[in-house]
Amino acid sequence: MKLSKPPFKKLNNHLTLGILREILYKNPTMSLDTPILVQRVEDSYFENKGSGWSENSLIVEDPYMPGTTNQYSQAWCAFYDEEREVICLDIHY
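Bear in mind that the values here come from a model prediction, so they are computed numbers and not experimental data.

1. As for the overall build of the protein
If you tally the helices and strands in the protein, you get two helices and five strands. In sequence order, the protein lays out its α and β elements as α-β-α-β-β-β-β. Considering the protein as a whole, with its 93 residues, one finds that 25% of them fall into the buried category. Roughly 7,600 Å² of accessible area belongs to the protein as shown, and the carbon and sulfur atoms make up 55% of that amount.

2. Focus on the pattern of salt bridges
Applying the stated criterion across every chain, the model contains two salt bridges. Among the ionic pairs, R84 bridges to D81, the shortest N-O distance being 2.5 Å. Its relative accessible area of 57% is what places R84 among the exposed residues. D81 gets classed as buried once you look at its relative accessible area, which sits at 15%.

3. As for the side chain of D62
Structurally, D62 can be placed in the loop between strand 2 (58-61) and strand 3 (69-72). The exposure class of D62 is buried, given its relative accessible area of 12%. Reaching out from D62, the side chain makes a polar contact with the backbone nitrogen of Y64 at a distance of 2.7 Å. Within polar-contact distance, the side chain of D62 engages the backbone nitrogen of M65 at 3.2 Å. Excluding its chain neighbours within four sequence positions, the residues that come into contact with D62 are T68, T69 and N70.

4. What to know about the state of the cysteines
A full pass over the atoms with the stated rule returns zero disulfides. C77 forms no disulfide, and the closest cysteine sulfur to it belongs to C88, at a distance of 9.8 Å.

5. Concerning the nonpolar core
Judged by nonpolar contacts, L15, I23, M30, A75, A78, Y80, I87 and L89 together constitute the single largest core of eight residues. Within the residue set of this core, elements represented by two or more residues are strand 4 (77-81) and strand 5 (86-90).

Rules of the game
- Residues numbered from 1 in each chain as written.
- Predicted model: local features only at pLDDT ≥ 70, side-chain atom pairs only at ≥ 80, totals over all residues.
- Heavy atoms only, no water.
- Helix = DSSP H or I, 4+ residues; strand = E, 2+ residues; numbered from the N terminus.
- Buried < 20%, exposed > 50% of the residue type's maximum accessible area, 1.4 Å probe, protein only.
- Areas by Shrake-Rupley, 256 points an atom, 1.4 Å probe, with all protein chains shown as cover.
- Salt bridge = Lys/Arg side-chain N within 4 Å of Asp/Glu carboxyl O.
- Polar contact = N/O pair within 3.5 Å; in protein donor to acceptor, adjacent residues only side chain to side chain.
- Contact = heavy atoms within 4.5 Å.
- Disulfide = S-S within 2.5 Å.
- Core = buried A, V, L, I, M, F, W, Y, C linked by side-chain atoms within 4.5 Å.

This is how it looks when you write it as structure tokens:
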């Protein structure tokens, strides 16, 4: 399956590598095997949201299940839950 590769529009007020680095810097004792959790969002949120979710999604062929695709959008924010020792990513605003 060949997919088109339109340019991905980076959203200014969303999660970046710099923000993740800041979390790491502020939590120097965090283990390198700290789990990263992703917030679950129902498909209907993306299908019915009128704020550009579908226009700014990246559709990628699944490397583990050839012939299937996954849809990605830029994460909104992240935080480190020190008590549970996990990083949490919010994937909608």
